[in-house]
Amino acid sequence: MKRIMTTAGLSLFASSASAAGIDEAINEIVAPIVNPFVGMIFSSVPLPFLDAEAPWIVMWLVVAAVIFTLYLGFINFRGFTHAIRLVKGDYTDPKEPGEVSHFQALATALSGTVGLGNIAGVAVAISIGGAGATFWMILAGLLGMSTKFVECALGVKYRNTNPDGSVSGGPMYYLSKGLANKGNPAFGRTLAVLFSVCAVGGALGGGNMFQANQAFKQVVGVTGGDMSFFADKGWLFGLIMAVVVGVVIIGGIKSIAKVTEKVVPFMAIVYVGAALVIILMHIDQVGTAFGAIFNGAFTGEGVAGGVIGAMIQGFKRAAFSNEAGVGSAAIAHSAVKTKEHMSEGFVSLLEPFIDTVVICTMTALVIIITGQLYEGQELSGVALTSAAFEASISWFPLILAVAVVLFAFSTMISWSYYGLKAWTYLFGESKRAEMIFKVMFCCFVVIGASMNLGPVIDFSDAMIFAMALVNIIGLYRLVPEIKADMNDYLARLESGAIQRYKG
């Protein structure tokens, strides 16, 4: 940590050349240490009965989602209408314990998942797996709703309410307390500590440095590239971002929720609105686009790897985008104002639906109907998405840059909360522990914007998915009690025992 903090200070004064030298020096030291772990987390395994391989962590997430969907009787579909009513506030009692509303909890969790994956990741998936990858992405998103249901309900059930009224919850609490109730306290505590360590690492890297780095690059790209004022001033951009992030996160979850409940809908309106405009401009091609999606999903014509290639790319993008099974969202949802823990399970159903089924599908449709998927095969990631939007809206790259910065900002403030709760689980609930993490988080914003620490960010991404490995082990053990609680909640809802306040 001391080495990294020293690097942050140096970067404020170094030229771009010396910064590159520092980057290279750090990468050379870190790479041999972290690469084996990164390789293990993202390594591929043979698929049974198929002549193909897939990242085992993606299969771990998808298999869990399928099992939870079947075990809970397709609650991802049955509970959708009730989820919308909860978010509208129809069942909200203002006197209930917690810190944020259902809508604010959903917005905070969404701000941690809706981001560059929806813009760049989808483009990568369909440029490799073809249009058919979109179908499997949607399917994985629908299945992931069930995983979110389980983890977010558990997050509220086993949360801690602190003396000052604040709330701490998430996988570290339901792993330790829930498994202790099952007679496995040592195992639960071990899983909780492992999860917390990975969450802190993931928050500082993938949830912070990577976001700042990508936002900086996008701003430089639309303000003149190498001639941009910011071209050699990543530290300055990072400092500005750090100040803005710091102002928000110092206020805690209530402050974060107030920002995300405004930023997330705004982002959705701007991005989805632009996508809808383009889709309407090419309305005659929408049918053909969906035809390409379905044909590509099952025939794999012209797609490298065929059907399996499209399936793997779709599942991979959905898993990386909505983070169902990672456990991060359960930390945000745990702060909700409610005495019915199952209600937040229903609310969380909407998260993968909005993130993957709606926003990712919109991106894919725009790329397909504008013809960029084939004409621009040399492009990938955000460049392909930008080209697709620019084909119909010439000035959209500027809007996309704003969207990327907002996506990065909202992701950072949400992950700051996730990392904070993991940090305080490890080091205790105190104002001092909280402030140490928040200052450290802001320093890492500057590091991320001013440096290109490839292996460090790869390692943090691997830690995010290591969270899923630990989390899902606990979910398998605890899902029977969630099924019992779900059936009891639905019975009381049907009988009218759960009061409806409006609507």
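On a predicted model such as this, the values are computed, not experimentally measured, just so you know. (Residues numbered from 1 in each chain as written. Predicted model: local features only at pLDDT ≥ 70, side-chain atom pairs only at ≥ 80, totals over all residues. Heavy atoms only, no water.)

Draft legend 1. How the structure looks around the overall build of the chain. When its secondary structure is counted, the chain shows 22 helices and 4 strands. Summarising the internal contacts of the chain: among those between residues at least 6 apart in sequence, 82% fall at separations of at least 24. If you sum the accessible surface of the chain, you get close to 19,300 Å²; carbon and sulfur atoms cover 66% of it. (Helix = DSSP H or I, 4+ residues; strand = E, 2+ residues; numbered from the N terminus. Contact = heavy atoms within 4.5 Å. Areas by Shrake-Rupley, 256 points an atom, 1.4 Å probe, with all protein chains shown as cover.)

Draft legend 2. View of the packing of helix 8 (residues 133-157) against helix 17 (residues 350-369). Orientation of helix 8 relative to helix 17, taken along the N-to-C sense of each, is 170°, at an axis distance of 8 Å. Classified by the angle their axes make, helix 8 and helix 17 are roughly antiparallel. Packed against helix 8, whose contacting residues are Thr 134, Met 137, Ile 138, Gly 141, Leu 142, Gly 144, Met 145 and Lys 148, the element helix 17 presents Glu 351, Pro 352, Phe 353, Thr 356, Val 357, Cys 360, Thr 361, Ala 364 and Ile 368 at the interface. For the contact of helix 8 with helix 17, a count of residues per class yields 10 nonpolar, 5 polar and 2 charged. (Axes fitted to C-alpha atoms, helices over the stretch in contact; angles between N-to-C directions. Parallel < 35°, antiparallel > 145°, perpendicular 65-115°, else oblique. Nonpolar A, V, L, I, M, F, W, Y, C, P; charged D, E, K, R; others polar.)

Draft legend 3. Representation of the pattern of salt bridges. A full pass over the atoms with the stated rule returns 7 salt bridges. A salt bridge links Lys 438 to Glu 434; the nearest nitrogen and oxygen atoms lie 4.0 Å apart. With Lys 438 and Glu 434 both in helix 21 (residues 431-450) and 4 residues apart, the pair spans about one turn of that helix. Here Lys 438 matches Glu 434 in class, with each residue buried. One salt-bridge network, held together by shared partners, links Lys 157, Lys 182, Glu 481 and Asp 485. (Salt bridge = Lys/Arg side-chain N within 4 Å of Asp/Glu carboxyl O. Buried < 20%, exposed > 50% of the residue type's maximum accessible area, 1.4 Å probe, protein only.)

Draft legend 4. The packing of aromatic side chains, seen in detail. Counted under the stated rule, the structure contains 15 aromatic pairs. Ring geometry for Phe 80 versus Phe 353: centroids 4.9 Å apart, planes at 65°, classification edge-to-face. Of the two residues, Phe 80 is situated in helix 5 (residues 80-88) and Phe 353 in helix 17; the sequence distance between them amounts to 273 residues. Looking at Phe 80, the relative accessible area reads 22%, which means it is partly exposed. Phe 353 sits in the partly exposed class, given a relative accessible area of 25%. Among the aromatic side chains, those forming a connected cluster through ring pairs are Trp 423, Phe 427, Phe 437 and Phe 441. Here Lys 483 stacks its cationic end above the ring of Tyr 71, 4.4 Å away from the centre of that ring. (Phe/Tyr/Trp six-rings, centres within 6.5 Å; stacked < 30°, edge-to-face > 60°. Lys NZ or Arg CZ within 6 Å of the ring centre and 35° of its normal.)

Draft legend 5. Examining the side chain of Glu 340 more closely. Counting through the fold element by element, Glu 340 comes out in the loop between helix 15 (328-333) and helix 16 (341-348). For Glu 340, a relative accessible area of 18% puts it in the buried group. Once residues lying within four places of it in the same chain are set aside, the contact partners of Glu 340 are Tyr 489, Arg 492 and Ile 498.

Draft legend 6. Region of the structure containing the environment of Ala 212. Within the secondary structure, Ala 212 is located in helix 10 (residues 185-222). For Ala 212 and Phe 237, which are 25 residues apart along the polypeptide, the C-alpha to C-alpha distance reads 8.7 Å. Excluding residues within four positions of it along the chain, Ala 212 makes contact with Phe 237, Met 412, Val 445, Gly 448 and Ala 449.

Draft legend 7. Inspection of unusual backbone geometry at higher detail. Although it is not a glycine, Phe 74 sits at a positive phi angle of roughly 60°. One can find Phe 74 in the loop between helix 3 (56-71) and helix 4 (75-78).

Draft legend 8. Inspection of a nonpolar patch on the surface at higher detail. A grouping of Val 66, Leu 70, Phe 74 and Phe 77 is seen on the molecular surface, where their side chains present a nonpolar patch of about 380 Å² in accessible area. For Phe 74, a relative accessible area of 41% corresponds to the partly exposed category. (Patch = residues over 30% accessible without salt bridge, like charges linked within 9 Å, V, L, I, M, F, W, Y side chains within 5 Å.)

Draft legend 9. Looking closely at helix 3. Relative to the 22 Å expected for 16 residues at 1.5 Å per residue, helix 3 spans 22 Å between its end C-alpha atoms, a close match to the ideal helical length. Regarding helix 3, the residues found buried are Trp 56, Ile 57, Val 58, Leu 61, Val 62, Ala 64, Ala 65, Phe 68 and Thr 69. (Expected span 1.5 Å × (residues − 1).)

Draft legend 10. Main features of the side chain of Asn 208. In this fold, Asn 208 is placed in helix 10. Not counting chain neighbours up to four residues away, the residues in contact with Asn 208 comprise Ala 203, Met 412, Phe 441, Phe 444 and Val 445.

Draft legend 11. Region of the structure containing the state of the cysteines. Across all of its chains, the model carries 0 disulfides by this definition. No disulfide involves Cys 443; its sulfur sits 7.2 Å from the nearest other cysteine sulfur, which is in Cys 442. (Disulfide = S-S within 2.5 Å.)

Draft legend 12. Fine view of the environment of Met 440. Within the fold, Met 440 resides in helix 21. In this structure Met 440 comes out as buried when scored by relative accessible area, which is 6%.

Draft legend 13. Helix 5, seen in detail. Residues His 82, Ala 83, Leu 86 and Val 87 constitute the buried set of helix 5. Along the long axis of helix 5, the arc covered by the buried residues comes to 140°, so they all point the same way. Backbone geometry just downstream of helix 5 places Gly 89 in the positive-phi region, at approximately 95°. (Arc of directions from axis to C-beta.)

Draft legend 14. Spatial organisation of the confidence of the model for the chain. When pLDDT is averaged across the chain, the result is 80; 84% of the residues are at 70 or more. When pLDDT is averaged over each element of the chain, helix 9 (residues 171-181) comes out on top at 93 and helix 1 (residues 2-11) at the bottom at 39. When the criterion is pLDDT under 50, residues 1-17 qualifies, and its contacts beyond four places in sequence or with other chains add up to 20 contacts. For the stretch residues 301-305, pLDDT sits under 50, and the model shows 5 contacts to residues farther than four places along the chain or on other chains. (pLDDT = per-residue confidence, 0-100.)

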